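Spelled out, the chains give:
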Amino acid sequence: MELSALERALGRAATGEPAVMLLSGEAGIGKSTLLSEAARRTNSDLYVASCIQIGGASIPLAPVVDLIRQIDRRAGRSPTVGSVRDLMISESSRHWDLVLLGLDLVAELSSEGAAIVAFDDLHWGDQGTWDVFEYLARNLVEERVLLVGAFRPGEVRRDPRLRRRVAELARVSGVEHMVLGGLDRASLTLHAAAILGMPASPTLMDELLRRGEGNPFFTEELLAAYVAGDPITVSLSDLLVQDIEALGSTARFLLAALAAVGRDADAELLQRVVPFDESTSEAAMRSAMEARIVVVDPITDAYRFRHPLLSEVAYAAALPSERRRLHRAIVSALDAEPRFALTTTDAAGERAFHLDRAGDEAGAFRALFDAVDAAAVAAPATCRDHLDRLLELWDRNATTEDASQLIPRLWQAADLANAQGDNARALALGQQAISAATARDEHTTHDGGLERGSDHERLGRYLWGLGRMDESAAMYDNAASLLENEEGAETAWACAGLAQGLLMFTHFDRAELWARRALDRADVDDFESRSAGKSVLGVLEVMNGSFDVGLAWCQEAVNTSDALHRRSLATAYRAVATLIAGQMSDVVTLALDGASVAQRTGLESTYGVALAGSASQALVRLGRWDEANLVLSDAAGVQSTTIGAIGVESAAAVLAARRGDDERANTLLERLFAHPADPWHQATIAATTVAVRLEQRRWTDAMAAAASALHPAEGSPRFVPQFVSGSVIAAVELALDALARQEAVELQALATDLRRQLDAAADDPTARSPTMVAELALADAAITRLTGSDQDAFKRAVAAAENAGDPWMAATALAQQAATAAASGDAAGAVESLRAAHATAVQLRAAPLLAEIAAIATRTRISLEAPVAPVREKHDLLRLGLTSREAEVLGLVALGLTNGEIGTRLFVSRKTASVHVSNILRKLGVTSRIEAAAIQQRLWT
């Protein structure tokens, strides 16, 4: 957005309309980078004149000196005696001369094109520099210049003189004030990936956002520290510590206390923590606020650091003994007044954290049990953090009374690691839980099948997440065998998990069996098992054609789920079911909402990316390609699980192919082929391959991909109508190519066989979804091209695509409808259809479709641009005695078209066009086409 604003301002400047912009942002926020990128994109000259401060004093007119040097260097000249530099440094120079000098410089450098002139670090500028800048801002007239004044808002706020000058400048007509904030998560993710050379993990991104708040410079320094294994680089620490060191010892200790609290804190909490009286604390806090280190929340009145990294520096500056003492005081305050806790959800976690930091490991261990339980439902990432610390402290602090909790806590940690995509850790924790159970002889003869069945199901899930599909399938089979004869409520979750695994391996009948067993065995308050079972049944009902029933099951699964990570899983299943049902707009809404929740709760790499994949696939179908690109860009920077990446890369590949970027589409297909995938996701990859190869006119490859998906090595096929439709269209194109080469093709026999395939595909229950109806209708119309194109068939395909909300497919069908109409002599219908298809393809920027439309236009001699109709009043037609058709012909005569060209444009013969022209000349009482054109131009333009 900021870059676009600069580009627009430069565009105005290039036309002789100078622009002025005040650019404010904290150190490292990217002011210089933004200006450089704007100059690069617009091919504009960039002059950055910097204000300089040495020893706390500003160098007078430093930017003017800098500007002269840059102009001299670019002009290839050396400063001469009597030059503007001499004028500037002469003791006899008057202030007014220096101000005028600035305008002369700007006029000189903008003489050959638009230029950016930036006065950087204006907060360090002396009065003369500000005078020059302000004079320029008020007196630029037609110079092709974007004048920029860049400054740090904190420095300006501290100086009443600067505040006044900025406020006055902001009120000048034509002056814009742009405030730069931090990068959003998507932009920061791309920035981090560019620096690291690989996507940053969601955990690292969370840390960068928390600590750097989107500041590009801070982010770069934090990444450098991350690579080096340090908490913060020396250069960044030095930058931040200066303001803190300038404060008194009382203020520094108060800042250490605020940093120890670790979040916003009100005055009362801080007062209980520090050993000062209230007036001393207030004075110290005021000095910290005046130094712009601390700010006050305008709603809660709580104190917070202006930037999180300031908190780290303040905390590091305190002595270890001071920190421990502060944390003990915070625990005492929290125990005395529970209202001081940040939230009731994590009050136990906050207490455990401070006990840990205070050096009370045993107390922290005991507090972590409550912290884990409090966060289990609403904060999965936080819950996992607490569990990891609990297990880390276990051996040193657990008593015999805690022993019974070890195995459940290990499995709980493993399941949360799986939910966050850390399946290697999940597998290790699961194996540790099994080893612990074996060591304690908990697998007795009586219930060994029960325990091991549940264990196998979990390990199967973790192996699936790791992409070890053969091992996962074997583990699921073992779980099914062991659980077959168990009836207890304890097996409900294992049954539900087994159903989900079998669904992914496309064993649909077995998946339904185990999902129903999960519901039968689950207790009334076993929300998670019920939710998982209902999700599987919902997807299966939709695949069986019972869309309303299936989607209701899926919605109930979301509502039933208690824990947030289970709800995210249910939402992902609901999005898949809604995709299959062809309700694309609903998919976008629920998937993006679900992805947002997943991102905020540490589940981005799993459910967040999976939901982003569903949303982007729906957006591609809906023709909202630019929105799809945004979703895909956000997801591209996430180090997701393999399964999550498949949905995102599939949508990206189809979109790239439809926009004509074959290189990117092929690269994405290569990535997809490299992923270890279960049969469910193998079908997704195959569907993507078919769609991409059809766009690339690689008909044989498309048919091969469809054939492999329709006859999978194991499990049942998915997307049957889509695969058959794609295969049919490819077969038609192959036959037409063969005919063009004058090869013998049994067209009638081929058409009969292809129609038989379509009829069989139409029996698939999913064929009733709007998207599959459209796919089948387009394939059905394509078959008619073999035996005589049927315009009505293509009209039905257009209507079906429009009903499905798929403009790209509608435009594809419209283009073929136009070709069919032209061949049958329906000139008006051909023109209307082809121009409508062209308008959609242009809007979508669908390059292959545009090429196809252009080819149809060439061979049918249809102009894709509607002729510009002259404005004609009805009374003019009546007065001249012209019919509407004759008026249309007269307009083309005025454009200089011959009779033959008029006939082509209007799809009439040359003779008919000649008759129209003769009638026009007679009615107008003129003898030449030139005279007729003159009358038309006088009356209708």
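None of these values were measured; they are calculated from a predicted model. (Residues numbered from 1 in each chain as written. Predicted model: local features only at pLDDT ≥ 70, side-chain atom pairs only at ≥ 80, totals over all residues. Heavy atoms only, no water.)

**Regarding the confidence of the model for the chain**
In this model, the chain carries an average pLDDT of 84, and 87% of its residues clear a pLDDT of 70 or more. Low pLDDT (under 50) marks residues 79-94, which in the prediction has 21 contacts with non-local residues, meaning those over four places away or in another chain. Segment residues 443-450 is flagged for pLDDT under 50; beyond a separation of four residues in sequence, or across chains, it makes 13 contacts in the model. (pLDDT = per-residue confidence, 0-100. Contact = heavy atoms within 4.5 Å.)

**Some details on the nonpolar core**
Membership of the largest hydrophobic core comes to 140 residues, with the highest contact counts inside it found for Leu503, Trp514, Val539, Trp680, Val728, Leu834 and Ile853. If near-sequence neighbours (up to four positions away) are discounted, tryptophan 680 is found in contact with Leu503, Met504, Thr506, Phe508, Val539, Met543, Val576, Ile580 and Arg718. Counting 38 residues, the second largest nonpolar core, distinct from the first, contains Leu254, Val261, Ile293 and Ala341. (Core = buried A, V, L, I, M, F, W, Y, C linked by side-chain atoms within 4.5 Å. Buried < 20%, exposed > 50% of the residue type's maximum accessible area, 1.4 Å probe, protein only.)

**Remarks on helix α27 (residues 527-543)**
For α27, spanning 17 residues, the distance from its first C-alpha to its last is 24 Å, which sits close to the expected 24 Å at 1.5 Å a residue. A large share of α27 lies buried, amounting to 15 of its 17 residues. Glycine 545, located one to two residues past α27, shows a positive phi value of around 95°. (Helix = DSSP H or I, 4+ residues; strand = E, 2+ residues; numbered from the N terminus. Expected span 1.5 Å × (residues − 1).)

**A few points about the side chain of arginine 384**
If you trace the backbone, arginine 384 turns up in helix α20 (residues 380-397). Discounting chain neighbours no more than four positions away, the residues touching arginine 384 are Leu416, Ala417, Gln420, Asp422 and Arg425.

**Some remarks on helix α1 (residues 2-14)**
For α1, built from 13 residues, the straight-helix expectation of 18 Å at 1.5 Å per residue is met to within 8% by its first-to-last C-alpha distance of 19 Å. If you follow the buried residues of α1, they end up packed against β1 (19-24), α2 (31-42), β5 (115-120), β6 (145-151) and β7 (175-179). Trailing α1 by a residue or two, glycine 16 shows a phi angle of about 90°, which is positive.

**Comments concerning the pattern of salt bridges**
Counted under the stated rule, the structure contains 37 salt bridges. Between arginine 510 and aspartate 477 there is a salt bridge, with the nearest N and O atoms lying 3.6 Å from each other. Of this pair, arginine 510 sits in helix α26 (residues 508-521) while aspartate 477 sits in helix α24 (residues 469-483), and the two are 33 residues apart along the sequence. One salt-bridge network, held together by shared partners, links Asp415, Glu457, Arg458, Arg461 and Arg566. (Salt bridge = Lys/Arg side-chain N within 4 Å of Asp/Glu carboxyl O.)

**Topic: the sheet that holds β5**
One open sheet holds the five strands; their spatial order is β2-β5-β6-β1-β7, and the pairing between them is parallel. Pairing within the sheet leaves two strands with one partner each, and these edge strands are β2 (45-50) and β7. Across this sheet, the average inter-strand angle for adjacent strands is 20°, counted without regard to direction. Both β2 and β5 contribute to a ladder of six bridges, which runs parallel. Paired with tyrosine 47 across the strands is valine 117, a residue of β5. Docked against the sheet, α2 engages β1, β2, β5, β6 and β7, running at close to 170° with respect to β5. (Pairing = 2+ DSSP bridges. Axes fitted to C-alpha atoms, helices over the stretch in contact; angles between N-to-C directions.)

**Digging into the packing of α27 against helix α29 (residues 564-580)**
Interhelical geometry of α27 versus α29 gives an angle of 5° and a closest axis separation of 9 Å. Judged by the angle between their axes, α27 and α29 are roughly parallel. Residues Glu528, Ser531, Ser535, Val539, Val542 and Met543 of α27 form the contact with α29, whose own contacting residues are Arg566, Ala570, Tyr573, Ala577 and Ile580. (Parallel < 35°, antiparallel > 145°, perpendicular 65-115°, else oblique.)

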